[in-house]
Amino acid sequence: MAEALAQGFISKQKVEAKDIWATDISEQRRKLFADFGANATDSNGEVVKNTDIVFISVKPQYVSLVIKQFKQHLKDRHLIVSIAAGIPLNVLQEAAGKEARVVRVMPNTPVFVGEVASAIALGEKATKEDSELVSALFNAVGYCAPVPENLINAVTGVSGSGPAYVFIMIEALADGGVKAGLPRDVSQKLAAQTVLGAAKMVLETGKHPGQLKDMVTSPAGTTIHAVHALEKAGVRAAFINAVLTAADRSEQLARL
Amino acid sequence: MAVNLTVHGVRSVCSGIAVPQRHHVGLRGDGPYAPKKLLRSSASKRCAPFHKTCLLQGQRRSTKGPCCAGLAQSIQNKRTYSSAQADPVSESETDEDPPPKQSLSLSPLPDRIGFIGAGQMGEALIRGFCKSGVSSVEQISASVRSFDRQRALSNLGLRVYGNALEGGAADLAANSEIIFLGVKPQYLDTILEALKPHILPSHLVISIAAGIRVASLEAALPEGTRVMRVMPNTPCLIGQAASAYVVGTHATDDDAQKTYALMSSVGLALSVEERMMDAVTGLSGSGPAYVFIMVEALADGAVAAGLPRDKAMALAAQTVAGAARMIFESSEDGSITHPAVLKDKVASPAGTTINGIAELETSGVRGALIRAVRASAKRSEELG
């Protein structure tokens, strides 16, 4: 994920490779970063000393440990950004110290293709500028919404887990196409592109999806027949339930 | 990873990026007509903000650059058959189109393209053709009925002919090699009648009229006319179409390749047999509506969980767009990745995602979507 973010930030010209420092326990990963022009080191301290914004992208169980390790190098200028799932701000704050500026970002899988849907929550000492800066970085590779920390579970339910619901939808649409006579490969591609195009229309026209749906359902036409089938099957409630259940589960896991 | 940061303004530079060909949706070799030679990645990666109209030139220039001056001049030089006067290009126009996320340039086709009827869909195609470089404003003309449309298209820099039924068809046919039929299906009969006497063996006729079969088109035109039928979908309006095309009886490989190149400039383009067109209608034709419903429902779920509406909607739409893009861009070799493989990757044991999935499966969402595609396809068959 760190690689995807770094590449994304560079390609959208938010930062240059030479201004990126990275460390990883694996030499292979360090080499990968060095290969695209970033500075690779095996010392967390080196990274912190040479930079202003520090992304923590280690596995959740190591976050606290890693922060405590480099804490001694933290200065006023530093901003810590954690992208570890399920690690709350108070854990970050406790590890980094009372005065440290920390934020947490919940990205989602499509960060790998430069289309992240993410949310950011601020620690007590983080400033408005910190929020704007980090949001701008993530907005360059998709979308980022500032939220209070208690809504991160809701974000998990919709954008964290959401891609899976979309994969199911695409597979089912492709199945429908195959049932109606299309070859599998054609059906799959048309299905995926239809979903991509329609989602982009919501994002780029700024119109309500209900409005957009109205615009494409002509009287007694093919589309309204299909819409009827979806409504009869209660598809809307199914999606609402999915988001809520995932959000609930996220909350349960956070309490463990 | 950590960064030293100087934040650049988001809009002040293009997002042109070094994207290998495999990231370009719709440009993979597909079917027998995928042109290997027509594609090359754009080499220009840094560009100044560009004037909206310059997009149509397939060029990127700074706002005060020579392109705009040249365009204003060429508009004044152009003859138009309508009484509308082309407005000189306004350099104070500030609503720039966002730079395209996937920058690509195609080898330009030598053919002149004429649009009979150019409403929203037709205009989206024209913009897409110019933006991608497969054609340019100088190569495109249109014959439309309404005065407002004539003026609007003229402002884009196209040559505009008057009403097709009052001589416009004849003029357009005399000045085009490829003729796009962009009128609504109910007007097609009369248009074809007006066009028929002016069709030559050298013409290629491409219809985007929904539900009108190749056989009907061929029957209404001179014997042996080369015809293609294309079914784009609504996201064509933002260059993200999922289009299918059918090769007519007399159309050649070259015709099919050109159609593929043109439609690829506005999204994905695949060739199909005519008997599959009802299925295409059910899937990509009607499909956007199913997605609008899904996005709204996801947003409702997020609102139910506590998010404010505007953020819920944006996260929902972006999640759907991002997930769909993963199908096309997750593999090293540019092949598409099966959605089930991606789903398995993101559903960790006893995690949040598999819980959400369980809800969807329990509610029979998959069945509902299959039924939706079938219902629309069946209705398409009834209407045909």
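A quick note: this is a predicted structure, and the numbers were derived from the prediction, not measured.

1. Remarks on the overall build of chain B
Right, on to step 1. Secondary structure summary: chain B contains 13 helices and 11 strands in total.
Right, on to step 2. Counting all 384 residues of chain B, 55% fall into the buried class.
Right, on to step 3. Here the analysis covers contacts within chain B between residues at least 6 apart in sequence; of these, 66% occur between residues at least 24 apart.
Right, on to step 4. With an accessible surface of roughly 15,400 Å², chain B has 51% of that area assigned to carbon and sulfur atoms.

2. Quick look at the sheet that holds strand 7 (residues 178–181) of chain B
Two pairing modes exist for strands in a sheet, parallel and antiparallel, and in both the strands are linked by backbone hydrogen bonds.
Residues and elements named next belong to chain B.
Right, on to step 1. Read across the open sheet, the 8 strands follow the order 6-5-4-7-8-9-10-11; overall the sheet is mixed. The open sheet is flanked by strand 6 (159–161) and strand 11 (267–271), the only strands paired with a single partner. Averaged over all pairs of adjacent strands, the angle between their axes in this sheet comes to 25 degrees, without regard to strand direction.
Right, on to step 2. As judged from the 5 bridges shared by strand 10 (residues 241–247) and strand 11, these two strands associate in the parallel manner.

3. Points about the pairing of strand 10 of chain B
Residue and element names in this part refer to chain B.
Right, on to step 1. Burial runs high along strand 10: 6 of the 7 residues are buried.
Right, on to step 2. As judged from the 4 bridges shared by strand 9 (residues 226–231) and strand 10, these two strands associate in the antiparallel manner. Following the sheet pairing, Met-228 is matched in strand 10 by Val-247.
Right, on to step 3. Handedness of the β-α-β unit built from strand 10, helix 7 (residues 253–264) and strand 11 comes out right-handed.

4. Thoughts on the pattern of salt bridges
Residues and elements named next belong to chain B.
Right, on to step 1. On inspection of all chains with the given rule, the structure shows 31 salt bridges over all chains.
Right, on to step 2. Measuring nitrogen to oxygen at the nearest pair gives 2.6 Å for the salt bridge that ties Glu-274 to Arg-229. Of the two residues, Glu-274 is situated in the loop between strand 11 and helix 8 (277–285) and Arg-229 in strand 9; the sequence distance between them amounts to 45 residues.
Right, on to step 3. Exposure remark for Glu-274: the relative accessible area of 24% places this residue in the partly exposed category.

5. A short note on the confidence of the model for chain A
Right, on to step 1. Predicted confidence across chain A gives a mean pLDDT of 95, with 100% of residues reaching 70 or more.
Right, on to step 2. Mean pLDDT across the secondary structure elements of chain A bottoms out at helix 1 (residues 2–11) of chain A, with 91, and peaks at strand 6 (residues 116–122) of chain A, with 98.

6. Observations concerning the interface of chain A and chain B
Right, on to step 1. Facing the 115 residues of chain A at the interface are 110 residues of chain B.
Right, on to step 2. Carbon and sulfur atoms make up 75% of the surface buried where chain A meets chain B, a total of about 10,500 Å² over both sides.
Right, on to step 3. Applying the counting rule to chain A against chain B returns 3 salt bridges.
Right, on to step 4. Where Glu-115 of chain A meets Arg-325 of chain B, a salt bridge forms, and the shortest distance between an N and an O atom there is 2.8 Å.
Right, on to step 5. Put simply, chain A and chain B have 15 residue pairs in polar contact (both at pLDDT 80 or more) between them.
Right, on to step 6. When residues in the side of chain A that touches chain B are grouped by element, the largest group, 19 residues, is from helix 9 (residues 184–205) of chain A.
Right, on to step 7. Partitioned by chemical class, the residues of the side of chain A that touches chain B number 70 nonpolar, 30 polar and 15 charged.

7. Details of helix 5 (residues 89–96) of chain A
Residues and elements named next belong to chain A.
Right, on to step 1. Of the residues making up helix 5, those classed as buried are Leu-89, Leu-92, Gln-93, Ala-95 and Ala-96. Buried residues of helix 5 fall within an arc of 165 degrees about the axis and therefore sit on the same side. Those residues of helix 5 that are exposed and aimed more than 90 degrees away from the buried face are Asn-90 and Glu-94.
Right, on to step 2. Buried positions along helix 5 lie against helix 4 (63–70), strand 4 (79–82), strand 5 (101–106) and strand 6.
Right, on to step 3. Downstream of helix 5 by one or two residues, Gly-97 has phi in the positive range, about 105 degrees.

8. Topic: the packing of aromatic side chains
Residue and element names in this part refer to chain B.
Right, on to step 1. Counted according to the given criterion, the structure contains 7 aromatic pairs over all chains.
Right, on to step 2. Plain terms: the ring middles of Phe-115 and Phe-180 are 4.8 Å apart, the flat faces sit at 10 degrees to each other, and that makes the pair stacked. Separated by 65 residues along the polypeptide, Phe-115 in strand 4 (residues 113–116) and Phe-180 in strand 7 bring together distant segments of the chain. Assigned by exposure class, Phe-115 and Phe-180 land together as buried.
Right, on to step 3. An angle of 50 degrees between the planes, with centres 5.6 Å apart, marks the rings of Phe-129 and Phe-180 as tilted. Taken together, the positions of Phe-129 in helix 2 (residues 120–132) and Phe-180 in strand 7 put the pair 51 residues apart, joining distant regions of the chain.

9. Overview of helix 1 of chain A
Helical geometry: 3.6 residues make up each α-helical turn, so side chains three or four residues apart lie on a common side.
All names here are of chain A.
Right, on to step 1. When helix 1 is considered as a whole, its buried residues turn out to be Ala-2, Ala-4, Leu-5, Ala-6, Gly-8 and Phe-9.
Right, on to step 2. Its buried side turned inward, helix 1 meets strand 1 (20–23), helix 2 (27–35), strand 3 (53–56) and helix 6 (128–139).
Right, on to step 3. Where helix 1 ends, the next residue or the one after it, Gln-13, has phi of about 60 degrees, a positive value.

10. With respect to the packing of helix 8 (residues 162–179) of chain A against helix 9 of chain A
Residues and elements named next belong to chain A.
Right, on to step 1. Axis separation between helix 8 and helix 9 bottoms out at 8 Å; the angle between their running directions is 135 degrees. It follows from the interaxial angle that helix 8 and helix 9 lie oblique. When the axes of helix 8 and helix 9 are compared, the crossing they make is right-handed. Together, Val-166, Ile-170, Glu-171, Leu-173, Ala-174, Asp-175, Gly-177 and Val-178 of helix 8 and Arg-184, Ser-187, Gln-188, Ala-191, Ala-192 and Val-195 of helix 9 make up the contact between the two elements.
Right, on to step 2. Partitioning the contact of helix 8 with helix 9 into residue classes produces 8 nonpolar, 3 polar and 3 charged.

11. A word on the environment of Ala-368 of chain B
Right, on to step 1. Note on placement: Ala-368 of chain B falls in helix 13 (residues 365–383).
Right, on to step 2. For Ala-368 of chain B, a relative accessible area of 0% translates into the label buried.
Right, on to step 3. In this structure, Ala-368 of chain B is in contact with Leu-230, Ala-233 and Val-235 of chain A, ignoring residues within four places of it in sequence.

12. Here's the deal with the pairing of strand 3 of chain A
Residue and element names in this part refer to chain A.
Right, on to step 1. Of the two faces of strand 3, the one carrying Ile-53 and Phe-55 and the one carrying Val-54 and Ile-56 are both buried.
Right, on to step 2. Both strand 3 and strand 4 contribute to a ladder of 4 bridges, which runs parallel. Residue pairing in the sheet places Ile-56 in a bridge with Ser-82 of strand 4.
Right, on to step 3. The handedness of the strand 3 to strand 4 crossover, carried by helix 4, is right-handed.

Procedures and definitions
Every residue gets a number counted from 1 within its own chain, in the order that chain's sequence is written. For this description, chains carry letters from A and ligands carry numbers from 1, given in the order in which they are written. Only residues with pLDDT of at least 70 are given local features in this predicted model, and only at 80 or more are side-chain atom pairs given and counted; all residues enter the totals for whole chains, interfaces and linings. Side-chain measures here rest on the full set of heavy atoms in the structure, leaving out hydrogens and waters. Secondary structure follows DSSP: runs of H or I at least 4 residues long count as helices, runs of E at least 2 residues long count as strands, and numbering of each begins at the N terminus. For each residue, the accessible area found with a 1.4 Å probe, counting protein chains only, is set against the maximum for its type, and the residue is called buried under 20%, exposed over 50%, and partly exposed in between. Contacts: residue pairs with any heavy atoms within 4.5 Å of one another. Residue exposure ignores everything except the shown protein chains as possible cover, and the areas themselves are Shrake-Rupley values with a 1.4 Å probe. What makes two strands pair is DSSP finding at least two bridges between them. With axes taken as lines fitted to C-alpha atoms, and helix axes fitted only over the stretch in contact, angles between N-to-C directions fall between 0 and 180 degrees. Look down the strands so they point away from you; if going from the first strand over the helix to the second traces a clockwise path, that crossover is right-handed. Any Lys or Arg side-chain nitrogen found within 4 Å of a carboxyl oxygen on Asp or Glu counts as a salt bridge. Each residue carries a pLDDT score, the predictor's own confidence in it, on a scale running from 0 to 100. Put simply, buried area is how much 1.4 Å-probe accessible surface two parts lose in total, over both of them, once they are put together. Polar contacts, as used here, are pairs of N or O atoms within 3.5 Å; protein pairs need one atom able to donate a hydrogen and one able to accept it. Residues neighboring in sequence count only if both atoms are side-chain atoms. Residues are grouped as follows: Ala, Val, Leu, Ile, Met, Phe, Trp, Tyr, Cys and Pro are nonpolar; Asp, Glu, Lys and Arg are charged; every other residue, Gly included, is polar. Along the arc lie the directions from the helix axis toward the C-beta atoms. Any two of the Phe, Tyr and Trp rings considered here, Trp counted by its six-membered ring, make a pair once their centres fall within 6.5 Å; the pair's planes then place it as stacked at under 30 degrees, edge-to-face at over 60, or tilted in between. To sort the angles, those under 35 degrees are grouped as roughly parallel, those over 145 as roughly antiparallel, those from 65 to 115 as roughly perpendicular, and the leftovers as oblique. By definition, any crossing whose near helix is turned counterclockwise from its far helix by less than a right angle is left-handed, and any crossing with a clockwise turn is right-handed.

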